[in-house]
Amino acid sequence: MTASDQTRSVLLVHGAWHGSWCWEPLLPHLAAAGLDVATVDLPSAGDHGTLADDVAVVRAALDARPGPTVLLGHSYGGVVVSEAAAGRSDVSHLVYLCAFMLDAGESLFQAVGGQAPPWFVVDEADGTITVDPAVGVQVAYGDVDPALAADWLGRLRPQSVAAFMAPQTGAAWHDVPSTYVACTQDQAIPYPAQQAMSARAGAVHTLESSHSPFASMPAEVAAIIAKVAG
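Residues numbered from 1 in each chain as written. Predicted model: local features only at pLDDT ≥ 70, side-chain atom pairs only at ≥ 80, totals over all residues. Heavy atoms only, no water.

Visitor: Sorry if this is basic, but what is going on with the packing of aromatic side chains here?
Guide: Geometry of an aromatic ring pair is reported as the spacing of the ring centres plus the angle between the planes. Evaluated as defined, the whole model comprises eleven aromatic pairs. With a centroid separation of 5.6 Å and an interplanar angle of 75°, the aromatic rings of Trp17 and Phe120 are classed as edge-to-face. Of this pair, Trp17 sits in the loop between β1 (9-13) and α2 (27-32) while Phe120 sits in strand β5 (residues 120-123), placing them 103 residues apart in sequence. In this structure Trp17 comes out as buried when scored by relative accessible area, which is 8%. Measuring from ring centre to ring centre gives 4.8 Å for Trp119 and Phe120, while their planes differ by 85°; the resulting arrangement is edge-to-face. Comparing Trp119 with Phe120 shows no difference in burial state: the two are buried. Put simply, the rings of Trp17, Tyr76, Trp119, Phe120 and Phe164 touch in pairs and so form one group of aromatic residues. (Phe/Tyr/Trp six-rings, centres within 6.5 Å; stacked < 30°, edge-to-face > 60°. Helix = DSSP H or I, 4+ residues; strand = E, 2+ residues; numbered from the N terminus. Buried < 20%, exposed > 50% of the residue type's maximum accessible area, 1.4 Å probe, protein only.)

Okay, structure coming up:
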């Protein structure tokens, strides 16, 4: 097995409220590129899990992967992959897909200014956050096929507040090569915020897409991942 073959393993980590189902439009394109792809379901989406719980799931998935793996995080998933890959030798590259690329000691809540965005619906009694359905499509799926966007909006699950509040204990991008994919039409993480975080990455790609390019531009996202994978 050559070094190039060894880097064909990819692990996809979804963002808040979602599940592994969100990768469905992207997976055929990755398969066509010859990539060995796995996904996870994060406990913080629907099960009151913490950041530590999410990290544990990703680390377990990495343990099961065949050789060095490209680890991709979308949105909140960027926090998870940064911590999950810290101190490991089996992650060949980190990809941040319009994701939070934070440093150790930083939390997602701090990154959004310490105040919940207006489209967050916070249930303090339950310790969860949901997406305001009145603006959910605009925020998350602005350029996604309307029928698919409506379906996905209905599949979103409550997100654990605890996961957003927890500071990262590690930031693997200090030691692992990284790529940031910034999305100019993103209404969830504004493009200027992505530009600021992407300064930490070794390479930056830009897509003219919304917060869910894996649904609206799957071929373009797959091409970037395939290039990173070697």
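Visitor: What exactly am I supposed to notice about the nonpolar core here?
Guide: In summary, soluble globular proteins display a tendency toward joint burial of nonpolar side chains. Counting 77 residues, the largest nonpolar core has Trp17, Leu26, Val58, Leu71, Tyr76 and Leu94 as its most contacted members. Broken down by element, this core gets its largest block of residues, seven residues, from helix α11 (residues 218-229). (Core = buried A, V, L, I, M, F, W, Y, C linked by side-chain atoms within 4.5 Å.)

Visitor: In this structure, what is going on with the environment of Leu27? I would like to understand it.
Guide: Looking at the secondary structure, you find Leu27 in helix α2. With a relative accessible area of 32%, Leu27 lands in the partly exposed category. Between the alpha carbons of Leu27 and Gln110 there is a distance of 32 Å; along the sequence they are 83 residues apart. The residues contacting Leu27, other than those within four sequence positions of it, are Leu12, Val37 and Thr39. (Contact = heavy atoms within 4.5 Å.)

Visitor: Which parts of the structure should I look at to understand helix α9 (residues 191-198)?
Guide: One turn of an α-helix holds 3.6 residues; hence residues three or four places apart share an orientation. Buried within α9 we find Gln194, Met197 and Ser198. The arc that holds every buried residue of α9, seen down its axis, measures 100°, which confines them to one face. Away from its buried face, by an angle of more than 90 degrees, α9 presents the exposed residues Pro192 and Ala196. (Arc of directions from axis to C-beta.)

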